[in-house]
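Fold and geometry: a report
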Amino acid sequence: MNVTTVSQACQTLIDTARNNAAESNGATASSERNYATTLNGNFVPDWFSYEATDVSDIGKIVKAEKEKFYKALHESHHNKKHPNPSTVWARVRKYGNEAQYGVEESTGAKHGKSPDLRITDDLVPLYKFLKRQDSLSDKQSIVLMYVGSALREGMGMDLALIESGK
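Report on the accompanying structure. (Residues numbered from 1 in each chain as written. Predicted model: local features only at pLDDT ≥ 70, side-chain atom pairs only at ≥ 80, totals over all residues. Heavy atoms only, no water.)

Under the definition given, this model contains 6 aromatic pairs. Ring centres 5.6 Å apart and planes at 55° place the aromatic pair W47 and W89 in the tilted group. Taken together, the residues span a long stretch of sequence, with W47 in the loop between helix 2 (29-42) and helix 3 (57-76) and W89 in helix 4 (residues 85-101) at a distance of 42 residues. For the pair W47 and W89, one class covers both residues: buried. Centroid distance F48 to Y101: 6.0 Å. Interplanar angle 85°. Geometry classified as edge-to-face. Of this pair, F48 sits in the loop between helix 2 and helix 3 while Y101 sits in helix 4, and the two are 53 residues apart along the sequence. Taking relative accessible area as the criterion, Y101 reaches 53% and is therefore assigned exposed. (Phe/Tyr/Trp six-rings, centres within 6.5 Å; stacked < 30°, edge-to-face > 60°. Helix = DSSP H or I, 4+ residues; strand = E, 2+ residues; numbered from the N terminus. Buried < 20%, exposed > 50% of the residue type's maximum accessible area, 1.4 Å probe, protein only.)

Following this line, the structure appears as structure tokens:
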């Protein structure tokens, strides 16, 4: 794919959205989202999927836009040096991806964990902890029973394997 020049009208839209996002300095996510959607509609397709190390022609265009954004962030920061522009750029990339493809809600999980993995990650250590205790109160015994039942019946796990550490 050849390097293309962004039209002047599109570039003006991008410049405005970039400057608004930089000037808000993270105070509002809406300006960062607006910048991301402006890039989605007026910049290279799937711009958010290009990493900083991409040396393709398109990767170089995306990197140049990122550098313009960093410069705008630094200039608009109160001490002229934004402490972490890469974090802001990562959020803008995330917003661009979400605006283009939607938020993946099938897992309903934060940080990309599926519900099954989250249940396993949370309940297995709790089950093991409760099993190791020398004595449990009545309430704690009931919790152990329900956690064991959830793992066995709900998740289909073999409690003997969990107890043996395998």
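There is more to say, and it comes next.
So, on to the side chain of H82. Its location among the elements puts H82 in the loop between helix 3 and helix 4. Among the residues examined, H82 registers a relative accessible area of 9% and is labelled buried. In terms of polar contacts, H82 uses its side chain to reach the backbone amide nitrogen of N84, at 3.0 Å. Not counting residues up to four positions away in its chain, the partners in contact with H82 are N25, L73, H74, H77 and V88. (Polar contact = N/O pair within 3.5 Å; in protein donor to acceptor, adjacent residues only side chain to side chain. Contact = heavy atoms within 4.5 Å.)

Attention shifts here to helix 5 (residues 115-132). Each α-helix winds once per 3.6 residues, and so residues spaced three or four apart point in a common direction. A rise of 1.5 Å per residue sets the reference length of helix 5, with its 18 residues, at 26 Å; its end C-alpha atoms lie 26 Å apart and thus fit the reference within 8%. For helix 5, the full list of buried residues reads V124, Y127 and L130. In this structure, the buried side of helix 5 is in contact with helix 6 (138-154) and helix 7 (159-164). (Expected span 1.5 Å × (residues − 1).)

Core analysis: the biggest nonpolar cluster contains 22 residues, and Y35, F43, V44, W47, V62, F69 and W89 have the highest contact counts within it. If you list the elements that add at least two residues to this core, you get helix 1 (8-24), helix 2, helix 3 and helix 4. Broken down by element, the residue count for this core peaks at 7 residues, all from helix 3. In this structure, V62 is in contact with F43, V44, W47, Y50 and W89, ignoring residues within four places of it in sequence. Counting residues in hydrophobic clusters, the runner-up holds 8 residues, among them V124, Y127, L151 and I162. (Core = buried A, V, L, I, M, F, W, Y, C linked by side-chain atoms within 4.5 Å.)

Let us now look at the environment of D158. Positionally, D158 belongs in the loop between helix 6 and helix 7. For D158, the side chain forms a polar contact with the main-chain nitrogen of A160, separated by 3.0 Å.

Before going further, it helps to spend a moment on the pattern of salt bridges. As enumerated under the stated definition, the model contains 8 salt bridges in all. In this structure, D122 and R118 form a salt bridge, with 2.8 Å as the shortest nitrogen-oxygen distance. In this pair, D122 and R118 both sit in helix 5, 4 residues apart, roughly one turn of the helix. Taking the relative accessible area as the measure of exposure, D122 reaches 38% and is therefore partly exposed. Across the salt bridge formed by R152 and E153, the nearest N and O atoms sit 3.0 Å from each other. The exposure class assigned to E153 is exposed, which follows from its relative accessible area of 58%. (Salt bridge = Lys/Arg side-chain N within 4 Å of Asp/Glu carboxyl O.)

By themselves, these observations are geometric and do not establish any function.
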